[in-house]
Every structure is written in C-alpha cells, then in structure tokens.
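Analysis of the macromolecular model
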Amino acid sequence: MSAQLPSADDTGPRAVGAPAHDKLDDQAFDELFRESAADVHAYAISLLGNRAAAEDVTALAFERLYRARARLDHGRGTPKAWLFAIARNAALDELRRRRRQPQSELPDEMAGDHDHDEAFEQIARRATVRDALAALPLREREVVLLKFHGQLSNSELAKALDVSESNAGTRLHRALTRLREQCDGLGREEQIA
Amino acid sequence: MKVIPFPSGGAERPDEAWLSELEAALDGTAEGPRADSWRELRADVRALAPPMNPAFERELGERIAERRARAAPKQPHRPKQPYRRLGWLHRPSRPALAGVSVVCTVIAVVLIVAPWRPAGHVVESYSKSPSIAAHADNAGQSSGTVASAPAAAANKGSALAQGDLVPASGAPAAMSARVQQLGASISLATTPGEVQAVADRVSQLATSDGGYTQSSHVNTGEDAGEASLTLNLPSAKLSAALTSLGRLAPVRAESQTLQDITNTYDADRQRLSDATAERQALLRALAKASTEGEIDSLRERLAQAGGAIAQANTALRAVSQRASTSEVEVTVIGDKSVGSEGLTLNRGLHDAGRVLVVTLAVLLIAAAILVPLALVIFALAGGRRAWRRHQRERVLDAR
C-alpha cells in the first residue's frame, strides 16, 4: 500500500472548536473501522474499478481520519460522514493523479462473485443494475455509491459531498432517477432479446 | 426478462416526501413494495462490489494498531507535572509561544524607540566637550555649545585670568596660557504657579555661589508663566551652579559658550607694560633734566603716561573680570503639562501612560501589517482549497 500522509485540507469538513468529549476516541475509532472499512472499500473499488487503488484509498481514509480525530466536531457531521468525505477526496485525488480512464464497467469479479444458489432472476437483476450503474455519468454514479455503500443519511451524504442537504437531495434524486431509467431501458432490451 | 419496478421519483427536484420515503425505506422503518424495491436496489448495488481482501483488512487493522501504539508511548515519557500551576512551563502551547514572542518584540521596539525620554532632559546625552581644548587653543574669538559643566575648563580659565591680573614685567609673548570667557544658558520647566518661586530660588542660588542677579524678568499667569534671569557667577563655580540649578526644576535645555579673550588680554597687558616702561623712562629723564623747558615737557609727558597706565589698567581689569565671571541666562518656563514632573509617582504614571500609548501604536502598526498579511494568507489558503475542490469535481465531469 502506498498510503501517503494527508494534507490538512484533505480531511473533509472542517472541525473547529470541537469539545474534548466529542473527540473520536480510540474505542469509537475501532468501532467505526469495524463497521465501515468494508463499506469504504466497496465504495472505492466501485468508483475506481481497481482493487489496489481501492485499498490505497481505504487505508488513506482511515489514516487521515485517525490523524484528524482530535479535530472532529460531532456537531458538524458524524464520524462516518467525515470518513466518507475523506475517502471521496482521496478517491478523486487518485483518479486525478492516475489520469487514466476508470473502467467504464465494473470489474468482472463483481459479476461473478455470487453463490450458485442464487436465483437466476436475482443474478439477472444485478447484472442489469451493474450495467445501468456503469452507464451513469461518474458524478451520478458516485452519489449512488456513496448513498448505498456508505449507507449515509441525506445529511451525511451532504457532508460527504460538501454541499447543502438540498443540493445533495437533488443530486441523489437525479442519480436514482437516471439509474431507474437505465435499468428500465436495459430490462426492456433484454426482454426484447 | 422482468422489468424491475423502481419507485418513481416524480419531478426532477425532490420534495421532502420523496427523501423521507427513501430514508424510511433504507433504514427499514417503512414497509410495502416501494420500500422493498429501494432496499432491493441498495442490496443489488452493494452486492456488486467484491468483498475486501481479508489479508488487506488484517493488515490495515494492524497498521492502525501500530500507529496508535506509536502515538501512545509519548505520554509516559512526558515529564511529570507535580505542580499543576507550573504545567504550562512543561508544554507551552503554540499560541502562548506566539504571544510571548509578540510581547517581547513589542517591548524591544518600545525600549529601542524609548519615546518617553525628552530630548533636552538628559544632559548626559549632549556631545561631550572635546571642543573645549580646541576652543582653548584657538586664537581670537571662538564660541560654541558645549557639554554640561566643563568644570576643569572653567577653573582653568578663571585661574588664568585671576593669576595674571598683575602685569608681568617679563616678555608677554612667552605666555602660553589662554584667557577665556565662559557663559551658559539653562532652561527649566515647572508649573505656572511655581515660576516665581523657582525664579526666587535661582536668585538665591546666585548669591550663595558668590554671584549676583544681573537682571530678572518674571511673568506669571494661571495657564502659563515665564521668568528670564541673567546671573553673574564666578567662573570657578559655574559647573556647580549649573548642577544646583538643575536640581530646582526639570531641565529642558542647557548650553554653554566659551570665548577666547587671550588676544585682548595680551594686548591690554602689553599696553600697560609699555605705558609703565615709558613712565619709568620719563622719570629717569626727568631726574637728569636741567632746563626749565625740558622739565615741563617731561612732566607733561609723564602725565600722559600716567593716564595711559590708568587706562590700560582699567581695560586689563575689565578683561580679567570677563574671564573670572560667567554670565548665565536662566529661563524658567511655566508649563501645565510639566506639572508633576518632579514627583516620582506621578512622573512614573505619566511615563507608564506614554509607554502604553506607544505600545498601542506599535501594536496598531503591527496589526496594520499582520492583518492584511493574514487576510492574504487566508485568501490564498481558501483559494487553494477551492482550487483543489474544483480539480476534484472536474475529474467527475471529465469522465
């Protein structure tokens, strides 16, 4: 892993004047790590389409959160919102640094990593969702991934995106609507086929 | 293939109900097919991501634990703080250090500038008197402002003058000592109400030092007042007199002048010597005279020589008098602001006030420099942040 030390402005929303009792202590950090490490990784790999890069981003996010834990202000966002904001910044920096096109479709391992007992219908539906998701513009796909992988509330989503709640709601609505349209379109094509 | 019945979002801009329905569906509080479809969609999206590599997860957990362990040992190594009040000595915070630095800088600037020192008050700040010797060696007239109380020079000048009052019969050209006339002026500051009292004390001082008040003019009022006195003091006591005058009231300004009158003195002495020699010669000639006409002529010339001797003596005494006494101009200024300059406590408060004013001025100047600088830094930091955010967002738009 090539986790590099983050700069101060990479730690997501600012935490100013956080009282001491609101700081993210080691126990809470461990709990957050156990609960959210897989989600952060899933978000990163879905956005970047690369396992190594996703691991880098995941490690970076937790390292930066650990460094910034003393400055966390619970009044200005939950630790999970901060974590995903950091992960998002790190992922976007990774995309920018690599300067290469992310895979327009999700990796093959995603589609094939299922139990054989799963119903055919479920497999087909997920394939449709995967294709629809891949067809979304990156900005909209990112919102869907943040929402579903991070399991963030609307306010947490707003914090992670560093926008207002209204703006976050609008983006989410637009992204889910387009995802639905994509899925509808793909479903009809398959029906016709 | 079955078309998945996604819940409808309605209009482009979501209303609160749509968001609430989505939230309720995703957190499991809502029931029904629409809520189920949201949950199913989330499950499908989450299922697309491959699971995290267990090795990576374990390694990440170890790294976090290791990082925490690196941070933890610092605490036991910290010096114990048995005295809570002295805790700040062990771990000075950055703001405290910055504050101390600023205060030290301000104090240093204030001490360097030292605006509370009045320019004319500290007599020692005048240039000392290397000019005395130069003046003393100069022929003819010379005058200049000299440092306070050149006692040695004054004593020398007066001693020379007094010692040579009797005309020497030897060659006057051989005399190398200089004859000098000293003068001084001093300006004292006091309250308007004290002008008269200070002027009286100045006169008393002149008398006690063996001199006298040549002239005096006192003008007093409620808001202002001034007294001008001309003292005539023995040159030998000039230095001591100036010191005593300085004790009467704060000194605003002080200067001394020196004029070399050696040539005048020598000329008068030469004239006296010549006249005396001529008179003796005439007396010898008179003793040898035999005719009536010759005797009358010699007596007439003797009378003239006697007049010349008297005239030369008077001139010589006048020059000696100039050298042995010094004229001191004393000005007593009545100034309300001076008020309590003589009182230690009030003076200290006054100085403290001035120090505070200057400190505030320095802080103001520092703020005038630092505030714009800080604004620029904040603007640059904000700009950098906005630029990075823009760059990140551009990545999303470019794909």
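Residues numbered from 1 in each chain as written. Chains lettered and ligands numbered in written order. Predicted model: local features only at pLDDT ≥ 70, side-chain atom pairs only at ≥ 80, totals over all residues.

Secondary structure summary: chain A contains eight helices and zero strands in total. Along chain A, from the amino end to the carboxyl end, the secondary structure elements read α-α-α-α-α-α-α-α. Put simply, chain A has 193 residues, and 46% of those count as buried. Counting only contacts in chain A whose residues sit at least 6 apart along the sequence, the fraction spanning at least 24 positions is 77%. (Helix = DSSP H or I, 4+ residues; strand = E, 2+ residues; numbered from the N terminus. Buried ≥ 20, exposed ≤ 12 C-beta atoms within 10 Å, placed from the backbone. Contact = placed C-beta atoms within 7 Å.)

Regarding its fold elements, chain B presents 13 helices and five strands. A total of 399 residues make up chain B; the buried ones form 25% of that total. Considering only residue pairs separated by 6 or more positions, chain B has 75% of its internal contacts joining residues 24 or more positions apart.

With that out of the way, let us pick up the environment of B:T105. Counting through the fold element by element, B:T105 comes out in helix 6 (residues 94–113). The sequence separation of B:T105 and B:V362 amounts to 257 residues, and the corresponding C-alpha distance is 9.8 Å.

All names here are of chain A. For Q151, which is not glycine, the phi dihedral falls at a positive 50°. Checked against the element boundaries, Q151 lands in the loop between helix 6 (138–150) and helix 7 (154–161). In this structure Q151 comes out as partly exposed when scored by C-beta crowding, with 17 C-beta atoms within 10 Å. Positive phi is not limited to glycine here, since D162 has a value of about 60°. Position of D162 relative to the elements: it lies in the loop between helix 7 and helix 8 (165–192). Residue D162 is classed as partly exposed on the basis of its C-beta count, with 17 C-beta atoms lying within 10 Å.

Our focus in this paragraph is the packing of helix 1 (residues 26–48) of chain A against helix 3 (residues 79–98) of chain A. All names here are of chain A. Running from amino to carboxyl end, helix 1 crosses helix 3 at an angle of 35°, the nearest separation of the two axes being 10 Å. Every pair of crossing elements has a handedness; the one defined by helix 1 and helix 3 is right-handed. Here A28, L32, S36, V40, Y43, A44, L47 and L48 of helix 1 come into contact with helix 3, specifically with P79, K80, L83, F84, A87, A91, E94 and L95. Per-class residue counts for the contact of helix 1 with helix 3 are 13 nonpolar, one polar and two charged. (Axes fitted to C-alpha atoms, helices over the stretch in contact; angles between N-to-C directions. Left-handed = near helix turned anticlockwise from the far one by under 90°. Nonpolar A, V, L, I, M, F, W, Y, C, P; charged D, E, K, R; others polar.)

Nonpolar side chains tend to gather and get buried jointly when the protein is soluble and globular. Ranked by size, the top nonpolar core spans 62 residues in total, and within it A:A44, A:V57, A:A61 and A:A87 carry the most contacts. Of all the elements, helix 3 of chain A adds the most residues to this core, at eleven residues. In this view, A:V57 contacts A:A44, A:L48, A:A87, A:A90, A:A91 and A:E94; residues no more than four positions away in its chain are not counted. Counting 27 residues, the second largest nonpolar core, distinct from the first, contains B:A189, B:L233, B:V251 and B:L258. (Core = buried A, V, L, I, M, F, W, Y, C linked by C-beta atoms within 7 Å.)

Residues and elements named next belong to chain A. Residues at a pLDDT of 70 or more form 73% of chain A, whose mean pLDDT is 77. Least confident of the elements in chain A is helix 4 (residues 108–112), whose mean pLDDT is 48; most confident is helix 6, at 91. Predicted confidence for residues 1–21 stays below pLDDT 50, and this span has 41 contacts to residues more than four positions away or in other chains. (pLDDT = per-residue confidence, 0-100.)

Residue and element names in this part refer to chain B. Judged by pairing direction, the sheet is mixed, and its five strands sit side by side in the order 2-3-5-1-4 without closing on themselves. Each of the sheet's edge strands pairs with one partner strand only, and the pair in question is strand 2 (212–220) and strand 4 (251–260). Taking the axes of each pair of neighbouring strands and ignoring which way they run, one obtains an average angle of 10° across the sheet. Judged from the nine bridges that link them, strand 1 (residues 180–190) and strand 4 form a sheet pairing that is antiparallel. Note on strand 4: the bridge partner recorded for A184 is Q256. Strands in contact with helix 9 (residues 195–208) are strand 1, strand 2, strand 3 (224–234) and strand 5 (325–335); relative to strand 2, the strand with the most contacts, it is inclined by about 180°. (Pairing = 2+ DSSP bridges.)

This brings us to the packing of helix 11 (residues 262–288) of chain B against helix 12 (residues 292–324) of chain B. All names here are of chain B. Following both chains from N to C, one finds helix 11 and helix 12 inclined at 160°, their axes separated by 8 Å at the closest point. One element, helix 11, and the other, helix 12, form an angle in the roughly antiparallel class. Two packed elements cross with a definite hand, and for helix 11 against helix 12 that hand is left-handed. Tallied by class, the residues present in the contact of helix 11 with helix 12 amount to 17 nonpolar, four polar and seven charged. (Parallel < 35°, antiparallel > 145°, perpendicular 65-115°, else oblique.)

What follows is about the confidence of the model for chain B. Residue and element names in this part refer to chain B. When pLDDT is averaged along chain B, the result is 76; 71% of the residues meet or exceed 70. The secondary structure element of chain B with the lowest average pLDDT is helix 7 (residues 131–137), at 36, and the one with the highest is helix 9, at 91. In the model, residues 75–90 has pLDDT below 50 throughout and makes five contacts with residues more than four positions away in sequence or in other chains. Taken together, the stretch residues 118–175 has pLDDT below 50 and engages in 91 contacts with residues farther than four places along the chain or on a different chain. If you check the scores for this complex, the pTM reads 0.50 and the ipTM reads 0.79.

Turning to the pairing of strand 5 of chain B, a few remarks are in order. All names here are of chain B. Looking at chain direction, strand 1 and strand 5 are connected through eight bridges and run parallel. Paired with S185 across the bridge in strand 5 is E329. Pairing of strand 3 with strand 5, which is carried by eleven bridges, proceeds in the antiparallel orientation. Bridge assignment links L231 to a residue of strand 5, and that residue is V328.

Residues and elements named next belong to chain B. Relative to strand 3, strand 2 runs antiparallel, the two sharing eight bridges. Bridge pairing in strand 3 links S215 to T230. Turn length for the strand 2-strand 3 hairpin, with the two strands adjacent in sequence and antiparallel, is three residues.

Once that is clear, we can look at helix 7 of chain A. Counting buried positions along helix 7 of chain A yields six of eight residues, so the element is predominantly enclosed. Considered for burial, the residues of helix 7 of chain A that qualify are A:E156, A:L157, A:A158, A:K159, A:A160 and A:L161.

Here we take up the environment of B:G246. As for its position among the elements, B:G246 is in helix 10 (residues 238–248). Given 16 C-beta atoms within 10 Å, B:G246 falls into the partly exposed group.

Moving on, we come to helix 1 of chain A. At A:S36, helix 1 of chain A is deflected by roughly 50°, the largest bend along its length. Note on helix 1 of chain A: the residue one or two positions beyond its end, A:G49, has a positive phi of about 70°. (Bend = angle between axes of the 7 residues up to and from the residue.)

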